[in-house]
Amino acid sequence: MDLNTLSKDKLIKEIKHLKSNIRILKSEKKTTKNNAKFSKIKKDKGELNRFKNNFKKISFNQKEREKELNAVYKIFTVLNKPFKPREKLYNSVINLITKAYQYPEITVVRLILKDKEFRTKRFKKTIWKQSNTLYHQGIKIGELEVYYLKKCKKEDEGPFLKKERRFIDSVSNLLCQRYERREMYDFLTKSESRFKIL
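Residues numbered from 1 in each chain as written. Predicted model: local features only at pLDDT ≥ 70, side-chain atom pairs only at ≥ 80, totals over all residues. Heavy atoms only, no water.

Chemist: Looking at this model, I keep getting lost on the overall build of the chain. Mind explaining?
Modeler: Assigned secondary structure in the chain consists of three helices and four strands. Its helices and strands taken in sequence order, the chain reads α-α-β-β-β-β-α from the N to the C terminus. A separation of at least 24 residues holds for 59% of the contacts in the chain among residues at least 6 apart in sequence. (Helix = DSSP H or I, 4+ residues; strand = E, 2+ residues; numbered from the N terminus. Contact = heavy atoms within 4.5 Å.)

Chemist: Mind showing me how you'd approach the nonpolar core here?
Modeler: Taken as a class, soluble globular proteins show a tendency for nonpolar side chains to be buried jointly. Of all hydrophobic cores here, the largest spans 32 residues; its most connected members are Ile75, Ile97 and Leu175. Excluding its chain neighbours within four sequence positions, the residues that come into contact with isoleucine 75 are Val93, Leu96, Ile97, Phe167, Val171 and Leu174. (Core = buried A, V, L, I, M, F, W, Y, C linked by side-chain atoms within 4.5 Å. Buried < 20%, exposed > 50% of the residue type's maximum accessible area, 1.4 Å probe, protein only.)

Chemist: Explain the environment of lysine 153 here, please?
Modeler: In this structure, lysine 153 sits in the loop between strand E4 (139–148) and helix H3 (162–197). Residue classification places lysine 153 among the exposed positions, given a relative accessible area of 54%. What lysine 153 contacts, discounting residues up to four positions off in sequence, is Tyr103, Gly158 and Pro159.

Chemist: I would appreciate a short explanation of empty space enclosed by the protein in the present structure.
Modeler: Scanning the entire structure with this criterion turns up one cavity of 30 Å³ or more. Considered as a void within the structure, the largest cavity measures approximately 30 Å³ in volume. Residue lining of the largest cavity: Phe76, Leu79, Asn80, Leu174, Gln177 and Arg181, and that is the complete set. Elements with a contribution of two residues or more to the lining of the largest cavity: helix H1 (8–79) and H3. With three residues, H3 is the largest single contributor of residues to the lining of the largest cavity. Among the residues making up the lining of the largest cavity, the classes are represented as three nonpolar, two polar and one charged. (1 Å grid on protein atoms, 1.4 Å probe; cavity = no way out; pocket = protein on both sides within 12 Å on 5 of 7 lines; lining within 4 Å. Points joined across faces, edges and corners; volume = space filled by probe spheres on them. Nonpolar A, V, L, I, M, F, W, Y, C, P; charged D, E, K, R; others polar.)

Chemist: I'm lost on the confidence of the model for the chain in this one. Help?
Modeler: When pLDDT is low, close inspection of the predicted coordinates is not appropriate. Across the chain, the average pLDDT comes to 80, with 80% of residues at or above 70. Put simply, H1 is where the chain has its lowest mean pLDDT, 72, and strand E1 (residues 107–113) is where it has its highest, 93. (pLDDT = per-residue confidence, 0-100.)

Chemist: Can you walk me through the side chain of glutamate 145 in this structure?
Modeler: Assignment of secondary structure puts glutamate 145 in strand E4. When its relative accessible area of 5% is taken as the criterion, glutamate 145 is described as buried. At a separation of 2.7 Å, a polar atom in the side chain of glutamate 145 contacts the side chain of arginine 110. Side chain to side chain, glutamate 145 and tyrosine 147 meet in a polar contact 3.3 Å long. If we skip the residues at most four places from it in the chain, glutamate 145 touches Val108, Val109, Arg110, Phe123, Lys129, Gln130 and Ser131. (Polar contact = N/O pair within 3.5 Å; in protein donor to acceptor, adjacent residues only side chain to side chain.)

Chemist: Help me understand the environment of proline 82, please; the structure alone is not making it clear to me.
Modeler: Within the secondary structure, proline 82 is located in the loop between H1 and helix H2 (86–100). Along the backbone, proline 82 and tyrosine 185 are 103 residues apart, and their C-alpha atoms lie at a distance of 9.7 Å. Not counting residues up to four positions away in its chain, the partners in contact with proline 82 are Arg178 and Arg182.

Chemist: Can you help me understand the side chain of glutamate 143 in this one?
Modeler: Secondary-structure assignment places glutamate 143 in strand E4. Here threonine 133 takes part through its side chain, which lies 3.1 Å from a polar atom of the side chain of glutamate 143. Every residue in contact with glutamate 143, bar those within four places of it in the chain, is listed here: Arg110, Leu111, Ile112, Ser131, Asn132, Thr133 and Leu134.

Chemist: Just to check I follow, could you spell out the sheet that holds strand E3 (residues 129–136) for this structure?
Modeler: Taking strand neighbours across the sheet as the criterion, the four strands line up as E2-E1-E4-E3 in an open arrangement whose pairing is antiparallel. Looking along the sheet, the strands with just one partner apiece sit at the ends: strand E2 (116–119) and E3. Here the average twist between neighbouring strands, direction ignored, is 15°. Judged from the seven bridges that link them, E1 and E4 form a sheet pairing that is antiparallel. Bridging across to E4, valine 108 finds its partner in tyrosine 147. Here H2 sits on the sheet in contact with E1, E2 and E4, set at roughly 145° to E1. (Pairing = 2+ DSSP bridges. Axes fitted to C-alpha atoms, helices over the stretch in contact; angles between N-to-C directions.)

Chemist: Sorry, what's going on with unusual backbone geometry here?
Modeler: Of all residues except glycine, most have a negative phi; of all peptide bonds, most are trans. Here the phi dihedral of lysine 114 falls at roughly 55°; this positive angle occurs in a residue that is not glycine. Following the sequence through the fold, lysine 114 ends up in the loop between E1 and E2. The residue glutamine 137 is not glycine, and still its phi comes out positive at about 55°. Among the structural elements, glutamine 137 can be located in the loop between E3 and E4. Taking relative accessible area as the criterion, glutamine 137 reaches 71% and is therefore assigned exposed.

Written as structure tokens, this is what we have:
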């Protein structure tokens, strides 16, 4: 295009047209930059969401672990009170067990020890059960059973977490140790009373 041959009006039209094209190009450039920024923001937001989800998961696991450890400590403390009546002792233990589970408000427990049975309030058997058999010197002495009263989301062992399996195993071991100490105490008391008679 030869600018010398164009009339003033045509030249003004051409300048306006070029300015319009420049605005469009600048706008497209901004849009491209914005799209790139938006893409980066979207990516960063995705990473942030993954981070938040991981943090929530870790936080949840930490709280569950803390609940279990507190319960084990309290159960250990209760079971090591030498002269606490058995009824109170085992009722305290089963009530502490419920608090360690993921859904304490719908958790019920039953402990069968020899010919005695201890239950939490609202106890009811359901299909959502986690249990452990208690042994003393290879002989079955009882059963520790934990039930959920309602259906819960599927976890590692039905509705129960893998950590809850380790927890019930630990509590079962503590109960067996307590039983063994009590048996020894009863045996020694009987032996001592026999020697007093002689």
